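# Structure at a glance
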Amino acid sequence: MHPHVVSLHRFPVKGFPAEDVAQAVLEPGAGVPGDRVLAVSDGTADTVPGAWNRWSHFFALKKRADLAGWSVRSFDDGHVALTPPAGGAPIVIEPADPASRSRAAGAIAGHLQSDPGAVDVVTAYAPAAPQGMFDSEHGHVSIISLATVRALETQTGRRIDPLRFRGNLLVDGLEPFAEFDLVGSVVRIGDARVLIRSTIERCTATTVGPTTAVSDMSVPRMLATEFGHIHCGVYGTVLSGGAVRPHDAITVESATTDRPLPAGTGPRSMIVTDSALLEDGRHTLRLRDPYRWFPAHWEAGRHVRVHLPVEGRHTWRTYTAALVDAAEFSLIIGVRGPVSTALTRLRPGDRLTVSGPFGALTADRVLATTAEAPTGEVPASGVALVTAGIGLTSALSLLPGVPDALPVRLLHIDRGVDTGARPTLAALEGFAEAPGRTLTLWDTAVRGRPTRADLVAAVTGASAAVVCGGAEFVAAATAACEAAGVPSERIHREAFTSPVDDLADRLAGYEPAVISRPDGTRLPWGPEDGTLLDALEADGARIPFTCRSGACGTCAISVDVPEHTIRVLDTTADAGPGRVLSCSTVPVGTLRVLDEG
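Here we summarise the structure given alongside this text.

Analysis parameters
All residue numbers refer to positions counted from 1 along the written sequence of the respective chain. Reporting of local features is limited, given that this is a predicted model, to residues whose pLDDT is at least 70; pairs of side-chain atoms are given and counted only at 80 or more, and all residues count toward the totals for whole chains, interfaces and linings. Only hydrogens and water are removed before side-chain values are computed, so all heavy atoms of the structure are retained for them. Helix numbers and strand numbers start at the N terminus; a helix is a DSSP run of H or I with at least 4 residues, a strand a run of E with at least 2. Relative accessibility thresholds used throughout: buried, under 20% of the residue-type maximum; exposed, over 50%; partly exposed, between the two (1.4 Å probe, protein chains only). Whether two residues are in contact is decided by their heavy atoms: any pair within 4.5 Å suffices. The span you would expect from a helix comes to 1.5 Å times its residue count less one. The directions from the helix axis to the C-beta atoms are what the arc is built from. Each polar contact in these results corresponds to two N or O atoms within 3.5 Å; when the atoms are within protein, one needs to be able to donate a hydrogen and the other to accept it, and residues that are neighboring in sequence are counted only if both atoms are side-chain atoms. Each axis is a line fitted through C-alpha atoms, taken for helices only over the stretch in contact, and angles between the N-to-C directions span 0 to 180 degrees. Comment on the angle field: the value is read as roughly parallel under 35 degrees, roughly antiparallel over 145, roughly perpendicular from 65 to 115, and oblique elsewhere. Nonpolar residues are Ala, Val, Leu, Ile, Met, Phe, Trp, Tyr, Cys and Pro. Charged residues are Asp, Glu, Lys and Arg, and all others, Gly as well, are polar. Ring pairs shown here join Phe, Tyr and Trp side chains whose ring centres sit within 6.5 Å, with only the six-membered ring taken for Trp; geometry is labelled stacked below 30 degrees between planes, edge-to-face above 60, and tilted in between. Charge over a ring is defined by NZ of Lys or CZ of Arg lying within 6 Å of the ring centre and within 35 degrees of the ring normal.

## Things to note about the environment of arginine 302
Inspection of the secondary structure assignment puts arginine 302 in the loop between α4 (294-297) and β18 (303-310). A relative accessible area of 18% means that arginine 302 is categorised as buried. For the pair arginine 302 and leucine 398, spaced 96 residues apart in the sequence, the C-alpha separation amounts to 8.0 Å. Leaving out residues up to four positions away in the same chain, arginine 302 has contacts with His297, Thr320, Ala321, Pro357, Phe358, Gly359, Leu361, Thr362 and Ser397.

## A look at helix α1 (residues 98-112)
In a regular helix each residue adds 1.5 Å, so 15 residues correspond to 21 Å; α1 covers 21 Å between its end C-alpha atoms and thus fits that length. All of the buried residues in α1 are Ser100, Arg101, Ala104, Ala105, Ile108, Ala109 and Leu112. Down the axis of α1, the sector holding all buried residues measures 165°, keeping them to one side. The exposed set on the far side of α1, more than 90 degrees from its buried face, consists of Arg103 and Gly110. On its buried face, α1 sits against β4 (38-41), β6 (80-83), β7 (91-93) and β8 (120-123). Where α1 starts, the residue carrying a side-chain oxygen 3.0 Å from the main-chain nitrogen of alanine 99 turns out to be aspartate 97. Directly after α1, the chain includes glutamine 113, whose backbone phi takes a positive value near 55°.

## Regarding the packing of helix α2 (residues 146-156) against helix α3 (residues 219-227)
When two helices pack together, their arrangement is captured by the angle between the axes and the distance separating the axes. Following both chains from N to C, one finds α2 and α3 inclined at 80°, their axes separated by 11 Å at the closest point. By the angle between their directions, the pair α2 and α3 is classed as roughly perpendicular. The residues of α3 that touch α2, namely those facing Ala151, Leu152, Gln155 and Thr156, are Val219, Met222, Leu223, Glu226 and Phe227. Tallied by class, residues from the contact of α2 with α3 come to six nonpolar, two polar and one charged.

## A look at the packing of aromatic side chains
Geometry of an aromatic ring pair is reported as the spacing of the ring centres plus the angle between the planes. For the structure shown, the criterion picks out six aromatic pairs. Relative to phenylalanine 180, the ring of phenylalanine 177 has its centre 5.5 Å away and its plane inclined at 55°; by these criteria the two rings are tilted. Pair check on accessibility: phenylalanine 177 and phenylalanine 180 agree, each one buried. Relative to tryptophan 298, the ring of phenylalanine 294 lies with its centre 5.4 Å away and its plane at 20°, an arrangement referred to as stacked. An aromatic cluster is defined as three or more aromatic residues linked by ring pairs; in this entry it consists of Phe177, Phe180 and Phe227. The ring of phenylalanine 358 carries arginine 305 above its face, with NZ or CZ at 4.1 Å from the centroid. For the cation-ring pair, arginine 447 lies above tryptophan 442, with the distance from its terminal atom to the ring centre recorded as 3.7 Å.

Without other data, these values stay purely geometric and don't point to any function.
Encoded structure:
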């Protein structure tokens, strides 16, 4: 099946339902004609008529699920009719007529049981500059691949209406998530030329059923759990206008563009430049970000997520980015299961979908805990960095961000360290050559595993410690750091684990609670809402995450009383004072969130 358009849709009134379109004549820099020409303000902020305004000014599905119960119809003369769910008389609006919009606002306020003085109907449309009230200020066309929606259906066992994603073009004939590979490409759709600018991060509007008008499915949480990101669909900018109809073919005209693209951390296709087996059985992949977005978000110590199909399912894993050089970096892979095995089969020239970089365990955060004096002078005791096995990659990622003047003690524990993983160990040895740094390689094949006393000796006197490796090792090394007198807030931990697939059994039986968000919104919580991270994502929060397993610390948020949470996962990451790991905790009673990341 060749890529093609299945159907076209527009949303004449922002936040309200879709209207089918037989064809659309696209114009450069604009959206589908008639798309989001109107929006209904809810009084939360003053709006500027005739100009673009932020989505938060308006009624929207993420605020009012009942909007999906209305119906919308556009007429050839530009009028728009809104019909309320109860089947009352249509409210007809002339977008260019302020009096018509004012009358409509009063009628809409009555049906929505809102203050008539707070409700207004505004437009950003002008004949000379067609501009819909999109979520971003720039006109665009949103494209949803039905194959990607089917992949989410297959992995969750849920029926998902593609209209949940509120796309202008529903397309088919691509492999699942292949639309992400089109970012930066110029494609021809029917008679129009479109630049694919970015993937679309989904919000809580997708939780609302187009036919049920209730929030009945946490699509962002499903995407995050199954695929490791919350993106579905792509945005396109029209370069050359033309007609688009159902069944029109989609072809790639150019795989690259000189036009600027928004530098994001969302999933995009990266190129494998090297793939090699290390002597200790691990594998190294060298990746290049052709978009060159990686450096814009890189901090020493951060991770990436890789996304790939394995054995008929779409999977994801987190790896520390190491040996970073401009837009290239390496992943060191411990080969333990089907996902890591699939990664070892990649060869130079192959492509891999990657998102990031992300992460809270950065060199700057570690350095912030080493300063003992108010002047910020570097203490002589410095940092102890203790790694085991694949935890070596965290050391390789962090050390380039540590100043040479800071004393660092490195202890790496592994089996066969004298003969295995020579390229990565050579790099570690290079970092250790700076004055005031020492490197100890502990070969368990020769010396056995280090005892608690050995670990205590390795960190005694350090002002801060970094511990990286498997979960069991991180727990033991953390206890050793505490026994050596390193303050808990100065112990930085990172454990390497796989995502947790299902928490339903662990959450069963917890009492309902309330989450108070920073903007004052009170969010009822029950076990069916999942962890704090799940619940906040479903309510529209965009909290950064990496492992969703309590191992990395990326999803830590500030709360008023950490004791008003219960940990439902065994965690190894350090959330920090006054913070909790949102992926691993649930609320008790009323929990006030102070900062969402």
